[in-house]
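For reference, the chains in residue letters:
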Amino acid sequence: MSTFRRVFSSSVGTKLLIGLTGLAMFVYLILHLIGNALIFAGPDTFNHYSHALISNPLIIPIETGLLLIFLLHVYKTIVNYFSNQSARPTGYAEKKFAGHTSRKSVASSTMIFSGLVLLLFVVIHVKQFKYGAWYLTTTAPSVRDLARLEFEVFRQPLWVAFYALCTIVVGLHLRHGIASGFQSIGFDHPVYTRRLTVTGVVLAIIIGGGLAFIPVWVYFTQ
Ligand code: HEM
């Protein structure tokens, strides 16, 4: 096995890869939230933003990179989960809160489950929007009318509930993931632990809450 593969297969290397890929997707989600918030500026602005995005020649390499990062994150978290399970097959007899320095929370204990929900969500979501109905705007220049598709989906209460629930799961996943990711790449110190945890929680609420707000806003206003 090459030195590179040995390092990234070790438990420290695995944590490092999970942290790096997780933080890359966190950056993607910030940009995704900003881009999607353009729907508040009206269908035209949103459609022209989406058109500019898909017409960019860099979109294919960026999407391929994003997919590889996503798959690596899923693969490494599953490997890490099973190696932790085999290291402690019987689990703890009693789970106790370790005090204010502990990062343990509902979010941290359920990362693998929230992650699996998000895996399913992303497959459904990408099929529904990226590969969904390709309406065209009637005004020149004619571009994809993604806003129309979004309004059609989010006028249906079940889809609104599905998206609101899944984006809350995104927030829960990020609530632990942001601080943990920074810790894994070495950006941690006892002095900053609390600050990092609080920043993670605040960003998780902004991203999860912001994304959840979009379908609810469309449902009530469009
Ligand atoms: C309710 C909140 C969300 C809305 C309104 C939304 C909207 C959209 C839209 C309209 C597209 C299609 C873009 C295009 O093809 O031009 C898209 C793509 C995508 N979304 Fe979302 N999204 C939301 C939440 C999320 C979340 C939480 C994730 C990840 C956990 C996510 C991941 C993706 C991915 C990976 C793509 C495909 C990107 C690409 O390959 O170009 N989205 N989203």
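Residues numbered from 1 in each chain as written. Predicted model: local features only at pLDDT ≥ 70, side-chain atom pairs only at ≥ 80, totals over all residues. Heavy atoms only, no water.

Enquirer: Explain the overall build of the chain here, please?
Expert: The helix and strand inventory of the chain stands at nine helices and zero strands. Starting at the N terminus and walking to the C terminus, you meet the elements of the chain as α-α-α-α-α-α-α-α-α. Long-range contacts, defined here as pairs at least 24 residues apart, represent 75% of the contacts in the chain between residues at least 6 apart. As displayed, the chain has an accessible area near 13,900 Å², and 71% of this comes from carbon and sulfur atoms. (Helix = DSSP H or I, 4+ residues; strand = E, 2+ residues; numbered from the N terminus. Contact = heavy atoms within 4.5 Å. Areas by Shrake-Rupley, 256 points an atom, 1.4 Å probe, with all protein chains shown as cover.)

Enquirer: For this particular structure, what's the right way to read the nonpolar core?
Expert: The tendency in soluble globular proteins is for nonpolar side chains to be buried side by side. Formed by 28 residues in total, the largest nonpolar core has its most connected members in F26, L29, I39, F129, F154, L174 and I207. Of all the secondary-structure elements, those providing two or more residues to this core are α2 (11–36), α6 (111–129), α7 (146–154), α8 (157–184) and α9 (193–221). The element best represented in this core is α8, accounting for seven residues. In contact with F129, not counting residues within four places along its chain, are R144, L146, L149, E150, V153, F154 and Y163. (Core = buried A, V, L, I, M, F, W, Y, C linked by side-chain atoms within 4.5 Å. Buried < 20%, exposed > 50% of the residue type's maximum accessible area, 1.4 Å probe, protein only.)

Enquirer: How should the packing of α6 against α8 be read in this particular structure?
Expert: How two helices pack is summed up by the angle between their axes together with the distance between the axes. Packing of α6 against α8 brings their axes to within 9 Å, and their N-to-C directions diverge by 135°. Between α6 and α8, the crossing angle belongs to the class labelled oblique. As for the relative orientation of α6 and α8, their crossing is left-handed in sense. In this structure, α6 uses M111, S114, G115, V117, L118, F121, I124, H125, Q128 and F129 to contact α8, whose residues at the interface are W159, F162, Y163, C166, V169, V170, H173, H176 and G177. (Axes fitted to C-alpha atoms, helices over the stretch in contact; angles between N-to-C directions. Parallel < 35°, antiparallel > 145°, perpendicular 65-115°, else oblique. Left-handed = near helix turned anticlockwise from the far one by under 90°.)

Enquirer: Mind showing me how you'd approach the pattern of salt bridges here?
Expert: Any two side chains of opposite charge can pair if their charged atoms end up close together. By the definition in use, this model includes two salt bridges. Of the charged contacts, one joins R148 and E152 as a salt bridge, the two residues approaching to 3.5 Å between their closest N and O atoms. Of the two residues, R148 and E152 are both situated in helix α7; the distance of four residues between them amounts to about one turn of the helix. A residue is classified by how much of its surface remains accessible, and R148, at 39% relative accessible area, is partly exposed. The class of E152 is partly exposed, set by a relative accessible area of 29%. (Salt bridge = Lys/Arg side-chain N within 4 Å of Asp/Glu carboxyl O.)

Enquirer: It is not clear to me how the site of the ligand should be interpreted in this structure. Could you clarify?
Expert: The full set close to the ligand counts 22 residues, and H32, N36, E63, H125 and L211 are the nearest of them. Taken together, the elements giving at least two residues each to the shell around the ligand come down to α2, α3 (43–55), α6, α7, α8 and α9. Counting residues per element, the shell around the ligand draws most heavily on α6, at five residues. Its residues assigned to classes, the shell around the ligand comprises 14 nonpolar, five polar and three charged. (Near = heavy atom within 4 Å. Nonpolar A, V, L, I, M, F, W, Y, C, P; charged D, E, K, R; others polar.)

Enquirer: Where do I start with unusual backbone geometry in this structure?
Expert: Apart from glycine, the bulk of residues carry a negative phi angle, and the bulk of peptide bonds sit in the trans form. Across the junction of A140 and P141, the peptide omega takes the value -10°, indicating a cis bond. Within the element layout of this structure, P141 appears in the loop between α6 and α7.

Enquirer: Explanation requested: a nonpolar patch on the surface in the structure shown.
Expert: Together, V27, I30, L31 and I34 make up a nonpolar patch on the protein surface, roughly 350 Å² of accessible area in all. Along the chain, I30 turns up in helix α2. Judged by relative accessible area, I30 falls into the partly exposed class, the value being 30%. (Patch = residues over 30% accessible without salt bridge, like charges linked within 9 Å, V, L, I, M, F, W, Y side chains within 5 Å.)

Enquirer: Hey, could you run me through the coordination of the iron atom of the ligand in this one?
Expert: Working reference: metal with six octahedral donors, ideal angles 90 or 180 degrees; metal with four tetrahedral donors, ideal angle 109.5 degrees. Donor atoms from the polypeptide that bind the iron atom of the ligand are H32 (NE2) and H125 (NE2), placed at 2.0 Å. Angles of 85 to 178° at the metal separate the six donor atoms of the iron atom of the ligand, which places the site in the octahedral class. Here H32, found in helix α2, pairs with H125, found in helix α6; they are 93 residues apart in sequence, far enough to count as distant. (Donors = N, O, S within 2.8 Å, 3.2 Å for Na, K, Ca; no water. Tetrahedral: all angles 85-135°; square planar, octahedral: opposite > 155°, others 65-115°.)

Enquirer: Looking at this structure, I do not really get the side chain of S114. What am I missing?
Expert: The topology assignment puts S114 in helix α6. At 2.8 Å, the side chain of S114 forms a polar contact with the side chain of H173. (Polar contact = N/O pair within 3.5 Å; in protein donor to acceptor, adjacent residues only side chain to side chain.)

Enquirer: Can you help me understand the environment of A37 in this one?
Expert: Within the element layout of this structure, A37 appears in the loop between α2 and α3. For A37, a relative accessible area of 25% gives the class partly exposed. Residues A37 and I214, 177 residues apart in the sequence, show an inter-C-alpha distance of 7.3 Å.

These figures capture arrangement, not role.
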